[in-house]
Amino acid sequence: MLIPVLALTLQLGASAAPRPETTGPHLVPGTTYDARIPTLEEVVGHQVGEDVTSPEEIVAYFRALHAAAPERTRFVEYGRTWEGRPLVALIVASPERITNLDRIKGDIRKLADPRGVSAAEGERLVRELPVVVALLHGVHGNEISSGGAAMSEAYHLLAAQNDPAVDQIRRDAIVIIDPAQNPDGRGRFVYQYRVGRGPAPDADPLGAEHDEPWPGGRANHYLFDLNRDWFAQTQRESHGRVAFLLEWMPQVVADLHEMGGDSTYYFPPSAPPGNPHTTESQTRMLEDIGKGIASKFDARGFAYFNREVFDAFYPGYGVSWPIAQGFIGMTFEQASARGLQYRRRDGTILSYWDGILHHFTAAMSTAETAARNRERMVREFLEFRRSAVRDGETAATREYILTSTRDAGQVERLARLLVKNGIEVRQTVEPTKVGTRSIPAGAFTVSLAQPAGRLARNLLDAHTPMDAAFLAVQEERRKRRQPDQIYDVTAWSLPLLWDVDALPSATPLTVRTTPFAPAPVAATALPAAKLGYLIPWNASAATAVTRALADGVKVSFSPAAFTLGGRSYTKGTAIVRVHENSAEALRTLATHTRAAGAEVVGIDSAFTEAGISLGSNQVFALVSPRVLLAWDVPTQSLSAGWARYVLEQRYGQRVSAIRTSTIGRADLAQYDVIVLPSGSYSAALSADQVRRLKDWVSAGGTLITIAEASRWAGRESIGLLESRTELSDGAPETDGPARPRTDASRQPFDFDRAITPAQERPDLVPGAILRVRLDGEHWLASGHDDEIGVMVESQRVFTPITLDKGVNVGVYQRSEQLLASGIIWDESRKQVAQKSYLVEQPLGRGRVIAFAEDPNGRAFAEGSQLLFLNAVLLGGSR
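For clarity, every value in this text was computed on a predicted model and none was experimentally measured.

Asker: I keep staring at the confidence of the model for the chain and nothing clicks. Help me out?
Answerer: Detail in the predicted coordinates should be disregarded across regions flagged by low pLDDT. Overall, the predicted model of the chain reaches an average pLDDT of 93, with 94% of residues at or above 70. Segment residues 1–16 is flagged for pLDDT under 50; beyond a separation of four residues in sequence, or across chains, it makes 28 contacts in the model. The low-confidence segment residues 725–742 (pLDDT under 50) makes 32 contacts with residues lying over four places distant or belonging to another chain.

Asker: How should I be thinking about the sheet that holds strand S11 (residues 426–428) in this particular structure?
Answerer: Strands belonging to one sheet form pairs held by backbone hydrogen bonds; the direction of such a pair is parallel or antiparallel. Spatial ordering of the open sheet is given by S15-S10-S14-S11-S16, a layout of five strands whose pairing is antiparallel. Looking at strand neighbours, the two that pair on one side only are strand S15 (501–505) and strand S16 (513–515), the edges of this open sheet. Looking at each pair of strands side by side, their axes are set apart by 30 degrees on average, direction ignored. Sheet topology note: the S11/S16 ladder contains three bridges and is antiparallel. Opposite threonine 428, over in S16, you have threonine 513 as the bridge partner.

Asker: Honestly, the packing of helix H19 (residues 539–550) against helix H21 (residues 637–651) in this entry has me stumped. Any pointers?
Answerer: Axis angle and axis distance: for two packed helices, these are the angle between their axes and the distance between the axes, and together they describe the pair. With their axes 9 Å apart at the nearest point, H19 and H21 run at an angle of 80 degrees to one another. Classified by the angle their axes make, H19 and H21 are roughly perpendicular. Residues Ala539, Ala542, Thr543, Thr546 and Arg547 of H19 pack against Gln649, Arg650 and Tyr651 of H21. Of the residues assigned to the contact of H19 with H21, the class counts are three nonpolar, three polar and two charged.

Asker: Honestly, the packing of aromatic side chains in this entry has me stumped. Any pointers?
Answerer: Two measures describe an aromatic ring pair: the distance that separates the ring centres and the angle between the ring planes. If you walk through the whole model with that rule in mind, you get 35 aromatic pairs. Ring geometry for tyrosine 681 versus tryptophan 712: centroids 5.4 Å apart, planes at 55 degrees, classification tilted. Here the residue tyrosine 681 occupies a position in the loop between strand S27 (673–676) and helix H23 (687–698), and tryptophan 712 occupies one in helix H24 (residues 708–715), the gap between them amounting to 31 residues. For the pair tyrosine 681 and tryptophan 712, a shared accessibility class is recorded, and that class is buried. Taken together through their ring pairs, the aromatic side chains of Phe231, Tyr266, Phe305, Phe310, Phe313, Tyr314, Tyr317, Tyr487, Trp492 and Phe860 make up a single cluster. Seen from the ring of phenylalanine 384, arginine 454 lies directly overhead, with NZ or CZ sitting 4.3 Å from the centre. A cation over an aromatic ring shows up here: arginine 858 above the ring of tyrosine 314, its NZ or CZ 5.0 Å from the ring centre.

Asker: Just to check I follow, could you spell out a nonpolar patch on the surface for this structure?
Answerer: Together, Phe749, Phe751 and Ile755 make up an exposed nonpolar region whose accessible area comes to about 380 Å². By the element assignment, phenylalanine 751 lies in helix H25 (residues 751–755).

Cut-offs used in this document
- Residues numbered from 1 in each chain as written.
- Predicted model: local features only at pLDDT ≥ 70, side-chain atom pairs only at ≥ 80, totals over all residues.
- Heavy atoms only, no water.
- pLDDT = per-residue confidence, 0-100.
- Contact = heavy atoms within 4.5 Å.
- Pairing = 2+ DSSP bridges.
- Helix = DSSP H or I, 4+ residues; strand = E, 2+ residues; numbered from the N terminus.
- Axes fitted to C-alpha atoms, helices over the stretch in contact; angles between N-to-C directions.
- Parallel < 35°, antiparallel > 145°, perpendicular 65-115°, else oblique.
- Nonpolar A, V, L, I, M, F, W, Y, C, P; charged D, E, K, R; others polar.
- Phe/Tyr/Trp six-rings, centres within 6.5 Å; stacked < 30°, edge-to-face > 60°.
- Buried < 20%, exposed > 50% of the residue type's maximum accessible area, 1.4 Å probe, protein only.
- Lys NZ or Arg CZ within 6 Å of the ring centre and 35° of its normal.
- Patch = residues over 30% accessible without salt bridge, like charges linked within 9 Å, V, L, I, M, F, W, Y side chains within 5 Å.
- Areas by Shrake-Rupley, 256 points an atom, 1.4 Å probe, with all protein chains shown as cover.
- Salt bridge = Lys/Arg side-chain N within 4 Å of Asp/Glu carboxyl O.

Rendered as structure tokens:
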């Protein structure tokens with residue numbers, strides 16, 4: 001029976017394309033197949049490669065394979081997406097291993113923590129255990145050929161009758177096949193593809209079936225790039241996948257992707273730079289796997305490349321997070337047809353089936369190499385986990401203690417995230433000291449002498465060094481005005497981005513601790529209070545208050561400092577009065593504050609000994625603001641998705657995501673806050689709409705612009721934030737003649753100076769964490785001290801606003817203090833230093849709040865996200 005989603009495809013006559021013989025010799029020449037194992041066509045009505053299979057059809061096929069061979073498979077649903085689609089995997093092994101799967105998994109867990117494993121027991125495990133190979137597909141939903149490859153891999157492993165490689169894999173390996181890591185994105189792509197297609201495939205790259213409308217199918221529901229989310233685990237898909245892999249600890253993880261249609265095929269070895277915590281044995285194994293794939297590709301005439309473009313430095317990829325755990329992680333990249341056929345620039349036609357076959361060949365070769373090297377791979381995984389403990393015992397930093405003087409709840413959230421990454425965390429049960437600093441009980445400790453110590457260093461070290469030789473090459477390229485070869489960000493230190501103190505200790509801590517095992521938050525009542533409650537402002541308080549406001553709790557906010565009951569409260573304190581709230585509302589407040597880890601102080605009197613009074617006119621009522629988030633073209637989809645996720649899921653703030661084409665019809669008076677994600681709105685908003693936007697701000701609205709939207713707002717005179725290009729010598733860009741040259745008759749000719757452009761755009765800051773100095777008196781900085789670390793990945797340089805026009809709430813530090821982590825070129829350091837990061841400009845009764853960078857990038861920069869939430873919640877309430 002055909003499932004209903006096939007109807008459109010069948011009516012359009014998809015079979016006008018040549019039918020690939022996917023169950024015959026095309027997969028592996030000469031192979032015959034067991035007819036008892038169903039083909040894709042028998043389950044959903046089309047062959048592999050004949051149509052772009054939907055995520056629902058893929059799941060249906062995997063269920064059918066499991067039903068046909070239950071003694072050799074286990075079907076696992078490891079999670080659900082935001083849109084409710086199942087995240088599934090098919091485990092394929094010999095009947096004996098399927099019968100003993102749970103015992104085998106337990107033994108692999110012993111390998112993963114070898115501290116309690118004797119030498120003899122370790123040798124037994126190495127002799128007996130199979131190698132576990134995880135083949136992951138489609139983390140980007142529009143990278144479609146990997147889904148077809150996943151179905152081909154599963155079919156071939158179960159049905160092939162005379163393939164010696166399959167016999168080896170069945171004997172020595174367990175293979176885990178995840179066919180669609182991002183089914184929401186794939187579903188979006190398949191829908192748009194089927195809407196745009198005709199009765200026959202159109203190979204024109206500009207054809208509707210290839211041209212995805214905003215936001216495309218690459219990202220998930222919240223428009224996140226899931227291949228940057230492995231350690232942050234902000235998304236359901238990432239959290240489910242990581243938990244599943246930590247359950248199995250596979251020795252091999254291959255992540256199958258696609259790239260531009262005019263390329264060929266990429267497999268390891270990776271491009272430089274690698275992550276410095278990768279071991280030599282991992283590098284050698286990747287070389288051997290690459291050689292194995294090359295031999296298969298050479299035999300079949302498939303073009304390929306390696307050691308270019310795709311690196312493994314950032315530990316949030318599907319290649320590098322596994323490597324940091326001790327797995328052999330790798331990325332495969334196939335040129336994409338983005339449909340059934342694609343005409344390349346040279347006139348040749350790339351087919352969807354080509355991509356499936358190439359991915360299938362690389363994946364099966366990887367599984368075969370792993371099986372042939374079973375004992376070596378299991379032994380080297382064991383040694384990686386052992387050596388991580390040894391290295392931690394001799395490292396300059398033995399342990400980190402995580403603490404904060406401002407937000408204990410934030411520290412616990414970070415500890416929970418580390419545990420979700422398979423990192424051991426302990427919690428102190430008594431006060432201690434690190435150096436001269438006294439730490440109260442309840443802090444968290446992370447020893448680097450643990451099996452996941454290399455990942456712990458990646459996430460907690462203030463700086464992860466990049467290969468010096470690679471950086472020297474990049475400096476030479478920059479001198480020739482060639483782009484650098486840095487693939488992604490160069491910094492990601494979680495303590496810096498979360499504004500949490502990670503105090504290093506050179507010796508093991510002697511303080512008493514207990515293992516930290518996150519558990520569901522227990523319900524607790526508010527402390528006794530006659531008058532009300534004070535909630536000192538920070539990320540935890542903002543979380544609790546935003547959610548409480550949405551549930552009807554009445555809250556006020558003090559933007560200034562005060563002293564009450566002998567305790568000093570810094571700027572930013574939420575105030576909840578008992579007489580303004582019902583008993584049910586106070587129970588709701590208790591639920592939200594406990595869940596967020598926010599501090600709540602009960603008070604019996606509002607009389608302050610110093611500072612602002614709680615009844616001052618400066619104190620204002622908070623509201624749950626009505627937020628309009630610009631959606632669709634021209635917003636950058638990542639920026640729009642990050643903002644929506646941070647508001648809706650991180651903080652619980654309701655949002656109306658309104659397409660920019662609809663904003664002109666919207667009654668702006670119905671909204672308190674408008675958020676413009678990064679993008680240029682010149683073509684999207686007419687002059688009349690821009691005028692209406694200005695009038696709305698003047699009438700009391702809060703407009704928040706992010707990154708490129710701030711540049712656009714400056715051009716449109718909505719805000720005064722000015723973007724300007726500066727030269728390396730600090731001279732501003734002008735439209736006048738170039739700077740005069742020195743007379744050659746009086747000075748030797750300087751070739752380098754002669755070829756240097758007179759005016760240039762600032763250099764791109766390649767994803768570094770920079771220090772921003774905050775205005776300690778401004779309400780936007782509530783919950784922070786005078787400095788935070790922010791992620792910068794752009795060429796934007798904004799001139800500070802003058803005092804008569806507004807407030808520079810956040811300004812980049814001076815040049816010598818600017819860099820907190822990562823790479824910034826010397827010229828960029830000079831250009832960015834002391835420029836604006838965050839500006840508030842009053843306009844009539846309202847305000848424009850402009851961010852020079854995206855504060856919500858990847859939703860893993862908790863410090864800057866609080867600034868964004870302050871802009872929305874406090875700005876929308878003032």
